[in-house]
Amino acid sequence: MEADNGRVFRAFVERVEPGLRRALVASFGYERGGEAVAEALAYAWQHRDHVQTIENPIAYLYRVGQSKTRGRRVRATYDLPVDPEPLYEPGLAAAMSSLAEKQRIAVFLVHGLGWTHSEVAELMGVRRTTVQKHLDRGLARLRRMLAVEEGAP
C-alpha cells in the first residue's frame with residue numbers, strides 16, 4: 001500500500017513540480033524559490049490525500065510555498081551573464097528586481113514563460129484584469145528604467 005502511495009505521489013510531483021518551480025523562482029529568485037518548492041512539496045507529501053484531489057494543485061502549493069518562506073523576505077536576485085553579447089537587455093535583471101513582486105511575477109510568467117493571463121490569475125488568486133494591471137504597470141516601469149520607447153521592438 002505504501003509503495004502505491006509513493007508511485008502515485010511521484011507521478012503527482014512530476015506533473016506539478018515544473019510549473020510550481022517556475023512560478024516560485026519567478027517570485028522569489030532561484031535560491032529562495034527553490035526553498036519554497038521544497039517546503040511546498042514537503043507539505044504536499046504530508047497532506048497528499050487532500051492535495052492530490054485539489055483542482056489546481058499548483059496554485060494551492062504556490063500559496064503554501066509563499067507562506068512557508070514569508071518570514072525571510074529578501075529581494076530576488078538574478079545572476080548577471082558573463083556573455084559579452086547578451087541575447088537580452090543587460091539592464092533587464094536589475095530592472096526586473098526593482099519591480100513590485102506581483103508585477104515581476106506577472107511580467108515573468110506571461111512574457112518570459114508564455115503563461116496566459118488566466119493561468120497567472122489563477123496562480124496569484126486574483127482576477128484576469130488585475131493581472132493585466134500588474135503587467136501594464138510592470139512593463140511601463142521597465143520601459144522607463146530601460147529607456148525604451150513605446151512601440152519599439
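Residue positions are given per chain, counted from 1 along the sequence in the order it is written. Local features in this predicted model are restricted to residues of pLDDT 70 or higher, and side-chain atom pairs are both shown and tallied only at a pLDDT of 80 or more, whereas totals for entire chains, interfaces and linings draw on every residue. In computing side-chain values, all of the structure's heavy atoms are included and hydrogens and water are not.

### Considering the overall build of the protein
Right, so step 1: Counting its regular elements, the protein contains eight helices and zero strands.
Right, so step 2: Along the protein, from the amino end to the carboxyl end, the secondary structure elements read α-α-α-α-α-α-α-α.
Right, so step 3: Residue exposure (1.4 Å probe, protein chains only): buried if accessible area is under 20% of the type maximum, exposed if over 50%, otherwise partly exposed. The buried share of the protein, reckoned over its 153 residues, is 37%.
Right, so step 4: Considering only residue pairs separated by 6 or more positions, the protein has 66% of its internal contacts joining residues 24 or more positions apart.
Right, so step 5: Looking at the protein as shown, the accessible area adds up to about 9500 Å², and 54% of this sits on carbon and sulfur atoms. Numbering of helices and strands starts at the N terminus; helices are DSSP runs of H or I of at least 4 residues and strands are runs of E of at least 2. We call two residues in contact whenever any of their non-hydrogen atoms come within 4.5 Å of each other. The method behind every accessible area is Shrake-Rupley, applied with a 1.4 Å probe, and residues are considered shielded solely by the protein chains displayed.

### Points about the packing of aromatic side chains
Both the distance between ring centres and the angle between the ring planes are used here to describe each pair of aromatic rings.
Right, so step 1: What counts as a ring pair is set by centres within 6.5 Å for rings of Phe, Tyr and Trp (its six-membered ring), and what kind of pair is set by the plane angle: stacked under 30 degrees, edge-to-face over 60, tilted for all other angles. Per the counting criterion, the structure on display carries three aromatic pairs.
Right, so step 2: Ring plane angle 45° and centroid distance 6.3 Å describe the contact between Y43 and Y60, whose orientation is recorded as tilted. Of this pair, Y43 sits in helix α2 (residues 30–46) while Y60 sits in helix α4 (residues 57–68), placing them 17 residues apart in sequence.
Right, so step 3: In this structure Y43 comes out as buried when scored by relative accessible area, which is 18%.
Right, so step 4: According to the relative accessible area criterion, Y60 is partly exposed, its value standing at 27%.
Right, so step 5: One aromatic cluster is present, formed by F9, F12 and W45 through successive ring pairs.
Right, so step 6: In this analysis the charged atom, NZ for Lys or CZ for Arg, is taken to sit over a ring once it is within 6 Å of the ring centre and within 35 degrees of the ring normal. Between R48 and the ring centre of W45, over which it is positioned, the NZ or CZ distance is 3.7 Å.

### So, the packing of helix α6 (residues 101–112) against helix α8 (residues 128–146)
Right, so step 1: Geometry is summarised by axes, namely lines fitted to C-alpha atoms with helices restricted to the contacting stretch, and by angles between N-to-C directions that run from 0 to 180 degrees. Across the interface, α6 lies against α8 with an axial gap of 8 Å and an inter-helix angle of 95°. Comparing the axis directions of α6 and α8 gives the class roughly perpendicular. Contacts from K102, Q103, A106, V107, V110 and H111 in α6 reach V131, H134, L135, R137, G138, L139, R141 and L142 in α8.
Right, so step 2: Partitioned by chemical class, the residues of the contact of α6 with α8 number seven nonpolar, four polar and three charged. Note on terminology: angles under 35 degrees are roughly parallel, angles over 145 are roughly antiparallel, angles of 65 to 115 are roughly perpendicular, and the others are oblique. Residues were grouped as follows: Ala, Val, Leu, Ile, Met, Phe, Trp, Tyr, Cys and Pro as nonpolar; Asp, Glu, Lys and Arg as charged; and all remaining residues, including Gly, as polar.

### Regarding the packing of α6 against helix α7 (residues 117–124)
Packed helices, taken two at a time, are described by their axes: the angle between them and the distance between them.
Right, so step 1: Packing of α6 against α7 brings their axes to within 10 Å, and their N-to-C directions diverge by 145°. Helix-helix and strand crossings are classified by hand; for α6 and α7 the assignment is right-handed. Counted together, K102, I105, A106, L109 and V110 of α6 and H117, V120, L123 and M124 of α7 form the full contact between these two elements.
Right, so step 2: Grouping the constituent residues of the contact of α6 with α7 by class yields seven nonpolar, one polar and one charged. With the far helix as reference, a near helix turned anticlockwise by less than a right angle produces a left-handed crossing, and one turned clockwise produces a right-handed crossing.

### Some details on the nonpolar core
Right, so step 1: Buried residues of nine kinds, namely Ala, Val, Leu, Ile, Met, Phe, Trp, Tyr and Cys, make up a nonpolar core once their side-chain atoms join them within 4.5 Å. Core analysis: the largest hydrophobic core is formed by 35 residues, its most contacted members being F12, L20, L24, L61, Y62, L109 and V120.
Right, so step 2: Looking at this core, the elements that each hand over two or more residues are α1 (2–28), α2, α4, α5 (92–98), α6, α7 and α8.
Right, so step 3: A per-element tally of this core places α1 first, with nine residues.
Right, so step 4: Filtering out sequence-adjacent residues up to four positions away, L109 remains in contact with R22, A23, A26, G114, W115, V120 and L123.

### Notes on α4
Right, so step 1: Relative to the 16 Å expected for twelve residues at 1.5 Å per residue, α4 spans 16 Å between its end C-alpha atoms, a close match to the ideal helical length.
Right, so step 2: Residues of α4 that are buried: P57, A59, L61, Y62, V64, G65 and Q66. Given a helix with a known number of residues, its expected span is that number minus one, times 1.5 Å.

### Thoughts on the confidence of the model for the protein
Right, so step 1: pLDDT expresses how confident the predictor is about each individual residue, on a scale running from 0 to 100. Put simply, the protein has an average pLDDT of 84, and 82% of its residues get 70 or more.
Right, so step 2: Mean pLDDT across the elements of the protein ranges from a minimum in α1, with 84, to a maximum in α8, with 93.

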